[in-house]
Protein chains: 2
Amino acid sequence: MVQRGPNPGSGENLLFLTDEQLRKGIEAMFFAYRGFTADPDRILDEYGYGRAHHRALHFINRSHGTTVNNLLTTLGVTKQSLNRVLRGLIEDGLVEARVGRTDRRERNLFLTDKGQELERKLAEAQRVRMRAAYRAAGPQAVAGFRQVLEAMMDDDIRQTYLSLKDGR
Amino acid sequence: MVQRGPNPGSGENLLFLTDEQLRKGIEAMFFAYRGFTADPDRILDEYGYGRAHHRALHFINRSHGTTVNNLLTTLGVTKQSLNRVLRGLIEDGLVEARVGRTDRRERNLFLTDKGQELERKLAEAQRVRMRAAYRAAGPQAVAGFRQVLEAMMDDDIRQTYLSLKDGR
DNA sequence: CTTGGAATGTCAACAAGGCTGACATAACAT
DNA sequence: ATGTTATGTCAGCCTTGTTGACATTCCAAG
């Protein structure tokens, strides 16, 4: 019952975890995810790409030189599905696939300048919204936001997420 | 340096809102949403349904007797897309579409017993995960979670969300 | 050196679930 | 009587996921 937080509504009533409260959280996730993807989606549309391209660009940018297999497991799709997306990005000169140095079977993936340009554009659009949401909610809310999201992930995915967490 | 919260990292440093921090939030959303949908997806698979069916069942259950048009705007899809899903659910006897009493052009949508059964199963699977995440993160985190999600929605969607917020 | 297996790429086929456009019907509203 | 609204439906297209099959390349173990 003891509640020190500055946050009205954050108190002991949430400990009940009624189905009603859980349902609100579920709907919030659904609607927020729509907002989360809306801005990049508009940009992607202009370029004739989809969300799958965005995800690929994001994680290649995130981990320069990552392999196809790494990307596969991070994204949670099949190689065929990823390959189609990747092929498009390579053909359009946004992504470069270099033969691995140590293991020449592998392909190390990099963004070209053109690829970085689009990635930055997409990321910035998404960050604008996140930034606004973070500012509106405040730092304590942001900490809670991330705690809950983290707890919501599958265990193995959480490992992937954490290993990327403070990466280069 | 002052840190009162139970949470190292939840303090004033988050006010900086670096691109790095925003990126972590973005990735958390991506991975968490996968977890969020994973359990219902497995159940839906057994029934030969997809996420679209889940969403329809959820919001029909949410607002008994809602019209097709209402559902359309809530879900943010076209009537053709919704109709395909709805047709399947009606054929399989999970949803009933009754001609409107006041306006006979409208169809009021209801879950049958069978529909309610599946909806409960899906909702419970999703709630189990939410409940676990909420418990792990704590009530204050949950409040923050919802604040950020709410701030992340499109303005018009937020209206829809809020109008649904405290039930009919 | 040969062979097994791993990493990757590619082809084909399919399905879900979005979309647009066009058209039909019924019912309300003026 | 006419126009508008709500709904349904058909057709066609796209993205993005799936499985299965098969080829290539190349490392590594024997």
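Given the structure is predicted, the values throughout are model-derived calculations rather than measurements.

**Points about the protein's contact with DNA strand D**
Here is step 1 of the chain: Taken together, 23 residues lie near DNA strand D, and G50, R51, R55 and R84 of chain A together with K79 of chain B sit nearest.
Here is step 2 of the chain: Close to the protein, within 4 Å, the atoms of DNA strand D are drawn from sugar and phosphate at a rate of 58%.
Here is step 3 of the chain: Those elements giving two or more residues to the surface near DNA strand D turn out to be α2 (51–62) and α4 (79–91) of chain A together with α3 (68–75) and α4 (79–91) of chain B.
Here is step 4 of the chain: Along the lines of polarity and charge, the residues of the surface near DNA strand D split into three nonpolar, nine polar and 11 charged.

**Quick word on the pairing of strand β3 (residues 107–111) of chain B**
All names here are of chain B.
Here is step 1 of the chain: Most of β3 sits inside the fold, with four of its five residues counted as buried.
Here is step 2 of the chain: Bridging between strand β2 (residues 95–99) and β3 involves five bridges; their strand directions are antiparallel. Within β3, the position partnered with E96 by the bridge is F110.

**Quick notes on helix α6 (residues 139–152) of chain A**
Residues and elements named next belong to chain A.
Here is step 1 of the chain: The terminal C-alpha atoms of α6 lie 20 Å apart, and with 14 residues this matches the ideal 20 Å at 1.5 Å per residue to within 8%.
Here is step 2 of the chain: In terms of burial, α6 is a largely internal element, 10 of the 14 residues being buried.
Here is step 3 of the chain: Taken as a whole, α6 has its buried residues at A141, V142, A143, G144, F145, R146, V148, L149, E150 and M152.

**Here we look at the packing of aromatic side chains**
Working definition: an aromatic ring pair is given by the centre-to-centre distance plus the angle between the planes.
Here is step 1 of the chain: Evaluation of the coordinates by the stated rule reveals 13 aromatic pairs over all chains.
Here is step 2 of the chain: Here Y33 of chain A and F36 of chain A contribute two aromatic rings whose centre-to-centre distance is 5.3 Å and whose plane-to-plane angle is 40°, an arrangement assigned as tilted. Here F36 of chain A and Y33 of chain A lie together in helix α1 (residues 19–47), a separation of three residues that amounts to about one turn.
Here is step 3 of the chain: Considering the side-chain rings of F59 of chain A and F30 of chain B, the 5.8 Å spacing of their centres and the 50° angle between planes classify their relative orientation as tilted. With F59 of chain A in helix α2 and F30 of chain B in helix α1 (residues 19–47), this pair bridges two chains.

**Side note on the interface of chain B and chain A**
Here is step 1 of the chain: With 66 residues of chain B at the interface, the matching set in chain A holds 68 residues.
Here is step 2 of the chain: Around 6600 Å² of area is buried between chain B and chain A when both sides are counted, 70% of it from carbon and sulfur atoms.
Here is step 3 of the chain: It is F31, Q140 and M152 of chain B that lose the most area in chain B upon contact with chain A, and together they represent 10% of the buried surface on that side.
Here is step 4 of the chain: In this structure, the connection of chain B to chain A is made through 14 residue pairs in polar contact (both at pLDDT 80 or more).
Here is step 5 of the chain: Elements supplying a minimum of two residues to the side of chain B that touches chain A: α1, α2 (51–62), α3, α5 (113–137), α6 (139–152) and α7 (155–165) of chain B.
Here is step 6 of the chain: The leading source of residues in the side of chain B that touches chain A is α1 of chain B, at 19 residues.
Here is step 7 of the chain: Here the side of chain B that touches chain A is composed, by residue class, of 33 nonpolar, 16 polar and 17 charged.

**Section: the relation of the copies chain B and chain A**
Here is step 1 of the chain: Between chain B and chain A, the superposition needs a rotation of 180° and an axial shift of 0.0 Å, giving an RMSD of 0.0 Å. Here the two chains are linked by the operation of a two-fold rotation axis. Closest approach to the rotation axis among the C-alpha atoms of chain B is made by F145 of chain B, whose C-alpha sits 1.8 Å away.
Here is step 2 of the chain: Interface overlap between copies is the fraction of interface residues in one copy that are interface residues in the other; for chain B against chain A it reaches 98%, indicating a shared surface.

**Brief notes about the pattern of salt bridges**
Residue and element names in this part refer to chain B.
Here is step 1 of the chain: What the rule picks out here adds up to 28 salt bridges over all chains.
Here is step 2 of the chain: When the shortest N-O distance is used, the salt bridge between D39 and R129 registers 2.8 Å. On the criterion of sequence distance, the pair formed by D39 in helix α1 and R129 in helix α5 is long-range, its members being 90 residues apart.
Here is step 3 of the chain: A relative accessible area of 16% places D39 in the buried class.

Each value, and the rule that gives it
- Residues numbered from 1 in each chain as written.
- Chains lettered and ligands numbered in written order.
- Predicted model: local features only at pLDDT ≥ 70, side-chain atom pairs only at ≥ 80, totals over all residues.
- Heavy atoms only, no water.
- Near = heavy atom within 4 Å.
- Helix = DSSP H or I, 4+ residues; strand = E, 2+ residues; numbered from the N terminus.
- Nonpolar A, V, L, I, M, F, W, Y, C, P; charged D, E, K, R; others polar.
- Buried < 20%, exposed > 50% of the residue type's maximum accessible area, 1.4 Å probe, protein only.
- Pairing = 2+ DSSP bridges.
- Expected span 1.5 Å × (residues − 1).
- Phe/Tyr/Trp six-rings, centres within 6.5 Å; stacked < 30°, edge-to-face > 60°.
- Contact = heavy atoms within 4.5 Å.
- Buried area = accessible area lost by both parts, 1.4 Å probe.
- Polar contact = N/O pair within 3.5 Å; in protein donor to acceptor, adjacent residues only side chain to side chain.
- Least-squares fit on C-alpha atoms with pLDDT ≥ 70 in both.
- Salt bridge = Lys/Arg side-chain N within 4 Å of Asp/Glu carboxyl O.

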